[in-house]
Amino acid sequence: MSRAKPEPIQVVKERRDAALSALVARVPYIAFMGFEFERRGDELTAVMPYRPDLIGNPALPALHGGALAAFLEVTALITLSWSMVWPKIEAGETVDVLPKFPKTIDLTVDYLRSGLPRDAYARAEITRAGRRYASVQVEAWQDNRARPTVHATGHFLMPDTRTPND
Amino acid sequence: MSADRTEIARQFIASLPHCEALGMVLTTIGEGEAEVYMPYSEKLIGDPESGVIHGGAVSALMDTCAGAAVMSHPNAGLATATLDLRIDYMRAAKPGATITAHAICYHMTRAVGFVRVSATDGASDVPVAAATGAFTVERGNS
């Protein structure tokens, strides 16, 4: 008895990267803010490359708290959507029809340090993924991973993924 | 607050790079209250199917408005920064509509300003989003 030959790694990577790009490219606001997503296996890291127009306090200078909140919210939403898409990609499906985005119910942002005029990184952890509701913790840091800049907890309404009756 | 001081505050908000990037305009300020609006723009869209603005842009508007309210409080310090902000998203904003945030700094201690903010789109009495926050009060070395 022989097993099917595993797919070449390049094919697997291309399928995963294409799905992630498609997910991110759908949102004009992500392009406007310049957010990028990096992937290692199923783990995503969001990047907010520094730009002068992200500054909210020119005197310090410091990043705008709203820009950081937006960065965390986008990271949470993309991570949630990615968690819905991932099993399909791994099953070998090409994800032609992407799921609708979850809706943010609430977001509590804890500003731990002022945002430096440098790149910021964020990762989200889904603490509970229910059929209707999800809870997510998300944290952003800059130069030092052990010294986070902002942390947030959010609740999200998940899109209905049941296939509609034809 | 006098027309002069409102104009100074308006120019100050307009000069903050991220506020300028999002097109925010301050209309009213004084005695711990502020109003800031943000016109609809396609670059702010979060849901491409409906054209609804992204929550992140609304958060940035509410954070700005809340900070302005803190700075306009009679017992304000020299500067402020957000300590925490909890945002509730009640409904999707109407595509095409300008979002207006209204903030009240309802209590100020020596070190902390407490703020409530709501954001409306004019389409309903129900706000698009509401937030509560705590802001630092920088008083310098006194």
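Summarised in this report is the structure supplied together with it. (Residues numbered from 1 in each chain as written. Chains lettered and ligands numbered in written order. Predicted model: local features only at pLDDT ≥ 70, side-chain atom pairs only at ≥ 80, totals over all residues.)

1. Structural notes on the overall build of chain A
The number of helices and strands found in chain A is three helices and eight strands. Summarising its shape, the C-alpha atoms of chain A cover approximately 70 × 35 × 30 Å along the three principal directions. The buried share among the 166 residues of chain A stands at 35%. Partitioning the intrachain contacts of chain A with sequence separation of at least 6 by distance along the chain shows that 62% fall at a separation of at least 24. (Helix = DSSP H or I, 4+ residues; strand = E, 2+ residues; numbered from the N terminus. Buried ≥ 20, exposed ≤ 12 C-beta atoms within 10 Å, placed from the backbone. Contact = placed C-beta atoms within 7 Å.)

2. Points about the packing of helix α1 (residues 9-25) of chain A against helix α3 (residues 65-90) of chain A
All names here are of chain A. Interhelical geometry of α1 versus α3 gives an angle of 145° and a closest axis separation of 10 Å. Between α1 and α3 the crossing geometry is right-handed. On the side of α1, the interface is formed by Arg 15, Arg 16, Ala 19, Leu 20, Leu 23 and Val 24, while α3 contributes Ile 78, Ser 81, Trp 82, Val 85 and Ile 89. When its residues are assigned to classes, the contact of α1 with α3 shows eight nonpolar, one polar and two charged. (Axes fitted to C-alpha atoms, helices over the stretch in contact; angles between N-to-C directions. Left-handed = near helix turned anticlockwise from the far one by under 90°. Nonpolar A, V, L, I, M, F, W, Y, C, P; charged D, E, K, R; others polar.)

3. A look at the interface of chain B and chain A
Taken together, the contact pairs 29 residues of chain B with 29 residues of chain A. Contributions of two or more residues to the side of chain B that touches chain A are made by α2 (17-21), β3 (45-47), α3 (55-71) and β5 (82-89) of chain B. Among the residues making up the side of chain B that touches chain A, the classes are represented as 14 nonpolar, eight polar and seven charged.

4. Brief notes about unusual backbone geometry
Cis rather than trans, the peptide bond between Leu60(A) and Pro61(A) has omega equal to -10°. By the element assignment, Pro61(A) lies in the loop between β3 (55-57) and β4 (62-63). Although it is not a glycine, Glu31(B) sits at a positive phi angle of roughly 55°. Inspection of the secondary structure puts Glu31(B) in the loop between β1 (25-30) and β2 (33-38). In this structure Glu31(B) comes out as exposed when scored by C-beta crowding, with 12 C-beta atoms within 10 Å.

5. Digging into the pairing of strand β2 (residues 43-48) of chain A
The alternating pattern of β2(A) places Leu44(A), Ala46(A) and Met48(A) on a buried face, while none of Glu43(A), Thr45(A) and Val47(A), on the opposite face, is buried. Once strand β1 (residues 36-40) of chain A ends, the chain turns through two residues before running back antiparallel as β2(A), passing Gly41(A) with a positive phi of about 60°. (Pairing = 2+ DSSP bridges.)

6. Description of the environment of Glu43(A)
Mapped onto the secondary structure, Glu43(A) falls in strand β2. Taking C-alpha positions, Glu43(A) is 18 Å from Val95(A), a pair spaced 52 residues apart along the chain.

7. With respect to the nonpolar core
Side chains of a nonpolar character, in soluble globular proteins, are inclined to be buried together. Core analysis: the biggest nonpolar cluster contains 82 residues, and Phe71(A), Leu72(A), Leu61(B), Met62(B), Cys65(B) and Ala68(B) have the highest contact counts within it. When residues of this core are assigned to their parent elements, the largest contribution, 12 residues, is made by α3(A). Among residues more than four places away in sequence, those in contact with Cys65(B) are Ala34(B), Val36(B), Ala101(B), His102(B), Ala103(B) and Val117(B). (Core = buried A, V, L, I, M, F, W, Y, C linked by C-beta atoms within 7 Å.)

8. With respect to the sheet that holds strand β7 (residues 133-141) of chain A
Taken together, 12 strands build an open sheet; the order of strands is β1(A)-β2(A)-β6(A)-β7(A)-β8(A)-β5(A)-β5(B)-β8(B)-β7(B)-β6(B)-β2(B)-β1(B) and the sheet is antiparallel. Edge strands, defined here as strands with exactly one partner in the open sheet, are β1 of chain A together with β1 of chain B. Averaged over all pairs of adjacent strands, the angle between their axes in this sheet comes to 20°, without regard to strand direction. Across eight bridges, the pairing between strand β5 (residues 103-111) of chain A and strand β8 (residues 150-157) of chain A is antiparallel. When the bridges of β8(A) are listed, Tyr111(A) appears paired with Val150(A). In the packing of helix α1 (residues 3-15) of chain B onto the sheet, the strands contacted are β1 and β2 of chain B, and the crossing angle to β1(B) comes to about 140°. Its contacts with the sheet put α3(B) on β5 of chain A together with β1, β2, β5, β6 (99-108), β7 (112-120) and β8 (129-136) of chain B, and the angle it makes with β6(B) is roughly 40°.

All quantities given are derived from atomic positions and should not be read as evidence of function.
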